[in-house]
Every structure is written in C-alpha cells, then in structure tokens.
Amino acid sequence: MPATRFADSTGVLAASGLTSNGYRLAEDPGRLGRLEPVPEADRADARKLRQRLAHSGCLYLPGLLDPDLVLAFRRHYFAALASAGLIVPGTDPVSGTAADRQSIDHSALRRILFQEVVPGPEYEALCRTPALVQFFAKLFETDRLHLHRRKIIRHVGPGESGVGTATQAHYDLVYLREGTDHVLSAWIPLGDVPLARGPLIYLDGSHRRVRAEEAAGTLKRPAASMTADLPALADDHDARWLVTDFRAGDVMIHTAHVIHASLDNRHPDGAFRLSTDIRYQPAGLPVDARWQRHWHDRDGL
C-alpha cells in the first residue's frame, strides 16, 4: 500500500491508496481532503462549537479524552475476548494483534461480547467519562443529558475486505427516526487508528443536502446504508471525503444528518481497528425507545 501523506495546508492528499469495501477512493483534490480539528481556543466557546457543527456537520476533537483511559479499555476488551481466540496467544492485549480467523470461537466471542463486555461497568464508565460528558453538556447547554443505552463496539481485522466489511455510507437519522433529530453521535477510536487501519471518514457538506431532502420528504430512506461505492457517492454530491489519522484520546462528534463511512483496515502490523460509537442528546427531547437496550448484532437495528 503506498504511503499516505497530506500534501499541503489545504488538506488535499497527494497519495492515498485508500479503499472502503474494496472501492478505491479518488485521489484528486475535488474528492479527497483532510478533516480539520477544532482549534483549542474554540473548544470552550459553546456558540462557536455549535456554529462549526452546523457548518461542517461534525467536530474533530484531538486529545479530548485521556489516552491512558482509552488504552486501558482497549486492553480490557481484547483481554476479555482472548479466550475466544480473537488475538494471537501470548501477545499484549492492548496491541490487539489479530489471530488467524480460523482460530476464533465465534460462539464464545458472541457470549463474552454481548453478555459481559457490552453491558459491563468498564464500558459504561468509558462512555460516561467526565471529559466527554462535560463537552456534551457545553454543546447542548444543559447538564440534563441522555446517553442511549445501545452503544456499539466494532473490531475490524486487517485484510478483511469486500462489501460489508467496512462501514458503508449512511447517516444516523435513518436508524433513529423515533426520537429527536438533535441527537449527536460520538465516534471514539479505541487506540491509534491511522488511515491504513480504517477510520471513519465524512462526506464534506453532505448534512446540508440530507437535511434539505429530509425536510422536503424526498429522502425518507429506510434503516439501511446508502451505498458501499464511496467514489460514486462523492461524484453524486460533487464533494470530498474528509479523512485523517486518529490517535487514542481523539473523538469525532457528528450530527444525525452527515454522511459517513469507514475505510478498510489494510495496516501491515496485523492489529484490529477498535472503536465505539455512542449517542447523547438533551434529556428533555423525544428518545428513540429502540435504542434503550444494550446493543446486540441481532437486535434488528
């Protein structure tokens, strides 16, 4: 895979070799750009944060969380699933070094993941870490927050490819129709997730078109992904996919209308990409009742 580099201050990538579900992203400046972080000076200003969220549909917040806290949960996750054969025996769980797929006991993995890890106190504590709660309280201008119980953890192994492996293009509202559209999602990389490991990416400005078409009733999509063909979607929107390298402690916050997807994990070090996505909203707004049970991959959502 060619080395990826940011070409200049405009955020255009000179060389990518980036794929999602096997589709190679276009490398020209009109179709690929860089996510720009929220300046430190703006993080304490709720008005500026909301203006930026309205303009961009997302907030890139490097270092919002304590990296040690994030890595401690990463260690907990892979240590818990080691007995299911998920990681190479004898390796440090925090590395998340993927074992051969043939060695995985999928029954044990599902039992541990859905009965122990997902409902466990360690995961709940991570999702309610004070830095994150305080940021949402500032953004929503209220201390009365609601964290949806359905919180999703994803591990994606290196070399997994083909349609259905990486997260396909979608916007969250199609899965959250029975509550408020003011719900916000936080995507948290649980460990370093450089471009080669398959982070989340965002279609620049897509939330404005989605909001307009939702309001007009012309985009009442079912609860399903839009497409795995990210290059074609960028052409259709005449927009760029915005990407960056993430480190442990970084957080992405995005609206329910912005289109996003993920890249393939093609990193040569053999480690899993681990991440979680969770949702906060003001407590006084309508809540989608379907999201108030612990996540299970067969919960129908």
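This text follows the structure it describes.
This text gives an overview of the structure that appears in the document. (Residues numbered from 1 in each chain as written. Predicted model: local features only at pLDDT ≥ 70, side-chain atom pairs only at ≥ 80, totals over all residues. Heavy atoms only, no water.)

Description of the pattern of salt bridges
Logical step 1: The tally for this structure, following the rule as stated, stands at 24 salt bridges.
Logical step 2: For Asp-238, the salt bridge is made with Arg-31, and the minimal N-O distance between the two is 3.2 Å. Remark: Arg-31 occurs in the loop between β4 (23-24) and β5 (32-34) and Asp-238 occurs in the loop between α7 (230-237) and β11 (241-243); sequence separation between them is 207 residues.
Logical step 3: Looking at Asp-238, the relative accessible area reads 60%, which means it is exposed.
Logical step 4: A single network of salt bridges, built from pairs that share partners, joins Arg-154, Asp-172, Asp-277 and Arg-279. (Salt bridge = Lys/Arg side-chain N within 4 Å of Asp/Glu carboxyl O. Helix = DSSP H or I, 4+ residues; strand = E, 2+ residues; numbered from the N terminus. Buried < 20%, exposed > 50% of the residue type's maximum accessible area, 1.4 Å probe, protein only.)

Some details on the sheet that holds strand β13 (residues 260-262)
Pairing between sheet strands relies on hydrogen bonds along the backbone, with the strands arranged either parallel or antiparallel.
Logical step 1: Strand order in the open sheet formed by four strands is β5-β11-β10-β13, with mixed pairing between adjacent strands. Across the chains shown, the open sheet's two edge strands, defined by having one partner strand only, are β5 and β13. Taking the axes of each pair of neighbouring strands and ignoring which way they run, one obtains an average angle of 35 degrees across the sheet. (Pairing = 2+ DSSP bridges. Axes fitted to C-alpha atoms, helices over the stretch in contact; angles between N-to-C directions.)

Overview of the packing of aromatic side chains
We describe a pair of aromatic rings using the distance from one ring centre to the other and the angle between the two ring planes.
Logical step 1: Overall, the coordinates contain nine aromatic pairs when judged by the stated rule.
Logical step 2: Geometrically, the ring pair formed by Phe-78 and Phe-272 is stacked, given 5.7 Å between the ring centres and 20 degrees between the ring planes. Highlighted residues: Phe-78 in helix α2 (residues 67-81) and Phe-272 in the loop between β13 and β14 (273-282), separated in sequence by 194 residues. Like Phe-78, the residue Phe-272 is buried in the burial classification.
Logical step 3: Relative to Trp-295, the ring of Phe-114 lies with its centre 5.1 Å away and its plane at 70 degrees, an arrangement referred to as edge-to-face. One end of the pair, Phe-114, is in helix α3 (residues 106-117); the other, Trp-295, is in the segment after β14, and 181 residues separate them in sequence. (Phe/Tyr/Trp six-rings, centres within 6.5 Å; stacked < 30°, edge-to-face > 60°.)

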